[in-house]
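Listed here are the chains, written in short residue letters.
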Amino acid sequence: FLGLCLVQLQDEGKLDFHKPIRDYLPWLRFDDANTPDAKPITTHHLLTHGGALPDGALFPPDPSFRHRATAAPGTFFHYCNMGYEALGLLLAHLDGGSVAESFRKRLLVPLGMTASEPVITLDAADHISTSYQARRNDRPYPRQGALHRSPLINMKGASGCVAAPARDMGAYLTMLIRRGEGPNGRVVSPAGFDGFMGRHQAAEHFGPGTAYGYGIAVDLLDGHTRLRHTGGMVSFASALEVDMDARCGVFASINAM
């Protein structure tokens, strides 16, 4: 969702993916690597998890603490939710509102995802499925082991803040299958969608031969281009896959890890 919204800003001429992100957000606590080949971290690097940054709190309590890249950006893939938190702030800054407002107006409403929440708050708890976790976490979980209700989730960071039912995610998958075209017109340009699903950064984390685009993993399965991703938070887990050549997709979600 975040990647597509940023691609929209790129389509609108409001964002250059290859400019240093500090040109847009100079107060971010990101430092370039202390190496001769160091380059500034860009939106492109953060979207592709190629920023060579450690994961963790974007703004630690110590006001003097700064995150330093461990290598030149693009050197390797390292999944970094913190980078996506920063990109959420970039979206809010350039769009002149909140992440929730941007997600709703740019994707949820155009795609007809009326049952989805752009951010997860306690106010939305009545609309979100109850999730469950192992009753005891000091031992391996046995098959058919005891469960209890998980605590409510409050998540506004753009690294994973959308709550959506399977029916709405079907609308999202349909847009991916149609390469950025929604029920009422395109949500991103053809060139923007090509960038979204581009093989920008080798991502063996997802398996041999896999690359990462702007928020999505890309690989080949039986000669077909496949877009896919998984995600988990507290005791929810979800996965989506789209076969771009066969023009079909699948989404699954579970409320107990």
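K.L.:
How should I be thinking about the overall build of the protein chain in this particular structure?
P.N.:
Per the secondary structure count, the protein chain includes 6 helices and 12 strands. Taken over the C-alpha trace, the protein chain has a radius of gyration of 19 Å; the compact-globule value for 257 residues is 18 Å, and the two agree within 12%. Considering only C-alpha atoms, the protein chain reaches an extent of 55 × 45 × 40 Å along its principal axes. Expressed as a percentage of its 257 residues, the buried residues of the protein chain come to 47%. For the protein chain, the accessible area works out to roughly 13100 Å², and carbon and sulfur atoms hold 52% of it. Computed over 24 positive and 25 negative side-chain charges, the inter-centroid distance for the protein chain is 4 Å.

K.L.:
When you look at the pattern of salt bridges in this model, what are you seeing that I'm missing?
P.N.:
When the charged atoms of two side chains lie near each other, side chains of opposite charge can form a pair. As enumerated under the stated definition, the model contains 13 salt bridges in all. Across the pair Arg 106 and Glu 12 runs a salt bridge, and its minimum N-O distance is 2.9 Å. Within this pair, whereas Arg 106 is found in helix H4 (residues 99-111), its partner Glu 12 is found in the loop between helix H1 (2-11) and strand E1 (30-31), the two being separated by 94 residues in sequence. Given a relative accessible area of 40%, Glu 12 falls into the partly exposed group. Of the charged contacts, one joins Lys 105 and Asp 95 as a salt bridge, the two residues approaching to 3.6 Å between their closest N and O atoms. Taken together, the residues span a long stretch of sequence, with Lys 105 in helix H4 and Asp 95 in helix H3 (residues 81-95) at a distance of 10 residues. Overlapping salt bridges, with partners in common, bring together Glu 12, Lys 14, Asp 95, Lys 105 and Arg 106 in one network.

K.L.:
Looking at this structure, how should I read a nonpolar patch on the surface?
P.N.:
On the surface, Trp 27, Phe 59 and Leu 89 cluster together into a nonpolar patch covering about 290 Å² of accessible area. Its location among the elements puts Trp 27 in the loop between H1 and E1.

K.L.:
In this structure, what is going on with the sheet that holds strand E12 (residues 248-254)? I would like to understand it.
P.N.:
Strands in a sheet are paired, the pairing made by backbone hydrogen bonds, and the direction either parallel or antiparallel. An order of E7-E8-E9-E10-E11-E12 is seen for the 6 strands of this open sheet, with the pairing classed as antiparallel. Pairing within the sheet leaves two strands with one partner each, and these edge strands are strand E7 (201-202) and E12. One ladder, built from 8 bridges, connects strand E10 (residues 224-233) with strand E11 (residues 236-243); its direction is antiparallel. By the bridge assignment for E11, Arg 228 is matched with Glu 241.

K.L.:
Help me out: how do you make sense of unusual backbone geometry in this one?
P.N.:
Notably, Arg 179 is not glycine yet its phi reads approximately 55°, a positive angle. Tracing the backbone through its elements, the reader meets Arg 179 in the loop between helix H5 (166-177) and strand E5 (181-182). Of the residues examined, Arg 179 reaches a relative accessible area of 34% and is grouped as partly exposed. At Asp 222, a residue that is not glycine, the phi angle is positive and equals roughly 55°.

K.L.:
For this particular structure, what's the right way to read the environment of Glu 181?
P.N.:
Inspection of the secondary structure assignment puts Glu 181 in strand E5. Given the relative accessible area of 30%, Glu 181 is considered partly exposed. With 180 residues separating them along the chain, Glu 181 and Phe 1 place their C-alpha atoms 14 Å apart. Each residue touching Glu 181, except ones within four places of it in the same chain, is listed here: Met 175 and Arg 186. A distance of 3.2 Å separates a polar atom in the side chain of Glu 181 from a polar atom in the side chain of Arg 178.

K.L.:
Could you clarify how one ought to interpret the pairing of E11 in this entry?
P.N.:
One face of the sheet, then the other: side chains in a regular strand alternate in exactly this way. From the end of E10 to the start of E11, which pair antiparallel, there are 2 residues, and Val 234 there has a positive phi angle of about 55°. Where E11 meets E12, 7 bridges bridge the pair, whose relative direction is antiparallel. Among the inter-strand pairings, Ala 237 is bridged to a residue of E12, identified as Ile 254. Connecting E11 to the antiparallel partner E12 that follows it, the hairpin turn spans 4 residues, and Arg 247 within it adopts a positive phi of roughly 60°.

Basis of the calculations
Residues numbered from 1 in each chain as written. Predicted model: local features only at pLDDT ≥ 70, side-chain atom pairs only at ≥ 80, totals over all residues. Heavy atoms only, no water. Helix = DSSP H or I, 4+ residues; strand = E, 2+ residues; numbered from the N terminus. Rg over C-alpha atoms; globule rule 2.2 N^0.38 Å. Buried < 20%, exposed > 50% of the residue type's maximum accessible area, 1.4 Å probe, protein only. Areas by Shrake-Rupley, 256 points an atom, 1.4 Å probe, with all protein chains shown as cover. Lys, Arg positive; Asp, Glu negative; His and termini not counted. Charge placed at Lys NZ, Arg CZ, Asp CG, Glu CD. Salt bridge = Lys/Arg side-chain N within 4 Å of Asp/Glu carboxyl O. Patch = residues over 30% accessible without salt bridge, like charges linked within 9 Å, V, L, I, M, F, W, Y side chains within 5 Å. Pairing = 2+ DSSP bridges. Contact = heavy atoms within 4.5 Å. Polar contact = N/O pair within 3.5 Å; in protein donor to acceptor, adjacent residues only side chain to side chain.

Keep in mind these numbers describe shape, not what the thing actually does.
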